[in-house]
Amino acid sequence: MEWGTTTLAFYGLGAAAVATSLVTLRRRLELSKAKHGTLGGHANLARRLALLVPFYDYDERRFFCSDDPPEAIAAGRRAGFMRLADLYKARFAETIKRTAEVTEGISDLQFTERYRVPFQYSRMVRRHLPFPAFVQSSAGVMLTDLDGNQFYDLTGSYGVNVLGNDFYKQAIARAVDRAGELGPVLGPYHPIIAENVSRLKEISGLDEVSFHMSGTEAVMQAVRLARYHTRRSHLVRFCGAYHGWWGDVQPGIGNPLPARETYTLKEMSDDSLRVLRTRRDIACVLVNPLQALHPNAQAPSDSSLLDGARGAHFDKEAYADWLKRLRAVCTEQNIVLIFDEVFVGFRLAMGGAQEYFGVRADLVTYGKTLGGGLPVGALCGRKDLMKRFRDDRPADICFARGTFNSHPYVMAAMNEFLRYLETPPAHELYRDAEQTWNARTRHLNQRLREEALPVEVANLGSIWTVCYLRPSRYNWMLQYYLRAEGLALSWIGTGRLIFSLNYTDADFQAVADRFVAAARAMEQDGWWWHPPAATNKSIKRRILKEMIAHRLSPKGDDTAPR
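Residues numbered from 1 in each chain as written. Predicted model: local features only at pLDDT ≥ 70, side-chain atom pairs only at ≥ 80, totals over all residues. Heavy atoms only, no water.

**Q** Where do I start with the packing of aromatic side chains in this structure?
**A** Think of a pair of aromatic rings as described by two things: how far the centres are apart, and how the planes are tilted against each other in angle. Counted by the stated rule, this structure contains 38 aromatic pairs. With a centroid separation of 5.5 Å and an interplanar angle of 75°, the aromatic rings of Phe64 and Phe81 are classed as edge-to-face. One end of the pair, Phe64, is in the loop between helix 3 (60-63) and helix 4 (71-91); the other, Phe81, is in helix 4, with 17 residues separating them in the sequence. Both residues of the pair, Phe64 and Phe81, belong to the buried class. When the ring of Phe314 is compared with that of Tyr356, the centres are 6.3 Å apart and the planes differ by 20°; the resulting orientation is stacked. Note that Phe314 is positioned in the loop between strand 7 (282-287) and helix 12 (316-333) and Tyr356 in helix 13 (residues 352-357), a separation of 42 residues in sequence. Neither residue differs from the other here; Phe314 and Tyr356 are each classed as buried. Three or more aromatic residues link up through ring pairs in this structure, and these residues are Phe55, Tyr56, Tyr58, Phe63, Phe64, Phe81, Phe119, Tyr121, Tyr474, Trp476 and Trp527. The positively charged end of Lys316 is found above the aromatic ring belonging to Tyr356, 3.9 Å away from the centroid. (Phe/Tyr/Trp six-rings, centres within 6.5 Å; stacked < 30°, edge-to-face > 60°. Helix = DSSP H or I, 4+ residues; strand = E, 2+ residues; numbered from the N terminus. Buried < 20%, exposed > 50% of the residue type's maximum accessible area, 1.4 Å probe, protein only. Lys NZ or Arg CZ within 6 Å of the ring centre and 35° of its normal.)

Below, the structure written as structure tokens:
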């Protein structure tokens, strides 16, 4: 009898182990299903594959005919490229010279210069079309370089420039006057911080505020607080979304170490909601509302533009519905919902994405434009989530400090920005912004269609992405034609054009004229020719074959198997 009881006990333990294994397996399968099918959804695999990609580049002959065009097309491309090179050398001589003098000493510049275009073409482009890195001044919507050339500013200062450069220059000047008596005294607060906190609480609809030195730091603190209060380990980010460069939110290529407590899931997916409902280790969910323009896709950059597959489309109603369903699941499962509005905050609406989409978050991060032109990060949140200590456990704290948090000049510049938001001109500017920029997008696309140019733009308010309608290996060349027409872009090229809201109709018309002229010149020079049977998939297959050939034969030439 005793032997039978022991046997039954073992059988019971075995059954329990099998049941536990089945539950674990089911959860693993659910997690796998919730990941996006591209490499962007599988960070560890992406990192491993990145190590296998060999370097190779095209010589001057192959540069112009990597898609095997007729000789006349290759000759036209070469002629157009050399005309651009001559124009750059003549028009941007001093700016290019100064850029070359400092490049060796600025690691950031070395990186951006190398990754403006796909690596196979980079050496040739850098030799003949060096990108001028300096600007001398700004006025209105224009930038002026060291040679006196003027450009329409489509860089947006990476999101900072919402209201126009003139506004921020004035805000900084007034901030220096207002905080100048205190100077850079750090630790104690300038009294102006009290007004900033009050205004941010009203704008965010949340209870408390902490200040940081950058948007990246604000997001780091939001995640840390979520983990602290939920006592859970993992964060959820969505495929393609950018939340700064720190490890846990950049789990794939670019991070030397794997992010082991990060789930990268599909956005706008019931599979992802199922994971949120069933796992008990998720502390928080991060949402970057900019992804509404291109869900589950990486931030678009010309450095990876090897075909015409880049796509973007903004459906406000669909994305708002997704956020509402996400909000409901997070509330149900006690998961902290974080809106990362470092980029879009104060661009989509005065109340940011919360107001624009009609969804409230538990924690919201701001940055960029909030500093009135100076560096800043801010975290707003519910009172219970912002607390950094436990009353009943005095040694159990959530530490976060920074030397330059709440710098007096930054607080004063922020105050200039926040005060402006309450003025009638600001309300007028925001009232019609969405309709204005949607109409401008439609106008430019109509002009491009009328001239049968294979390009269009998609927008989220005043943020644009350029999409290409032909499977060309040379779409990235457009950024250089745009520069020649007097349009200034950031280092990611045509992936993101960022307008300030002070663009008048006349300003925009000038930009549209130049954009069309650049596209027309690129078409005439033959860059958009493509083989009749070419598709985006066939281009990718061909490039993959090139990479495999060079991987297997390091001395292989650039005429690798097709």
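**Q** When you look at the side chain of Ser406 in this model, what are you seeing that I'm missing?
**A** Within the secondary structure layout, Ser406 lies in the loop between strand 12 (393-397) and helix 15 (408-420). Overall, Ser406 belongs to the buried group, its relative accessible area being 8%.

**Q** Help me understand the packing of helix 4 against helix 7 (residues 119-128), please; the structure alone is not making it clear to me.
**A** Pairs of packed helices are described in terms of their axes, by the angle between the two and the distance that separates them. One can describe the packing of helix 4 onto helix 7 by two numbers: an axis separation of 9 Å at closest approach and a directional angle of 45°. Here helix 7 runs oblique to helix 4, going by the angle between their axes. Touching Phe81, Met82 and Ala85 of helix 4 are Met124, Val125 and His128, all from helix 7. Residues of the contact of helix 4 with helix 7, tallied by class, amount to five nonpolar, one polar and no charged. (Axes fitted to C-alpha atoms, helices over the stretch in contact; angles between N-to-C directions. Parallel < 35°, antiparallel > 145°, perpendicular 65-115°, else oblique. Contact = heavy atoms within 4.5 Å. Nonpolar A, V, L, I, M, F, W, Y, C, P; charged D, E, K, R; others polar.)

**Q** Please explain helix 15 as it appears in this structure.
**A** What sets the pattern is the α-helix's 3.6 residues per turn: residues three or four places apart point alike. For helix 15, built from 13 residues, the straight-helix expectation of 18 Å at 1.5 Å per residue is met to within 8% by its first-to-last C-alpha distance of 19 Å. For helix 15, a buried count of 10 out of 13 residues is recorded, marking the element as mostly surrounded by other parts of the structure. Of all the positions in helix 15, only Pro408, Val410, Met411, Ala412, Ala413, Met414, Asn415, Glu416, Phe417 and Leu418 are classed as buried. Its buried side turned inward, helix 15 meets helix 8 (165-179), helix 9 (193-204) and strand 4 (208-212). (Expected span 1.5 Å × (residues − 1).)

**Q** Whenever I open this one, a nonpolar patch on the surface confuses me. Can you help?
**A** There is a patch of nonpolar side chains on the surface, built from Leu39, Leu45, Leu49 and Leu52 and spanning about 320 Å² of accessible area. Relative to the elements of secondary structure, Leu39 occurs in the loop between helix 1 (2-34) and helix 2 (43-50). Relative accessible area serves as the criterion here: at 41%, Leu39 is assigned to the partly exposed category. (Patch = residues over 30% accessible without salt bridge, like charges linked within 9 Å, V, L, I, M, F, W, Y side chains within 5 Å. Areas by Shrake-Rupley, 256 points an atom, 1.4 Å probe, with all protein chains shown as cover. Salt bridge = Lys/Arg side-chain N within 4 Å of Asp/Glu carboxyl O.)

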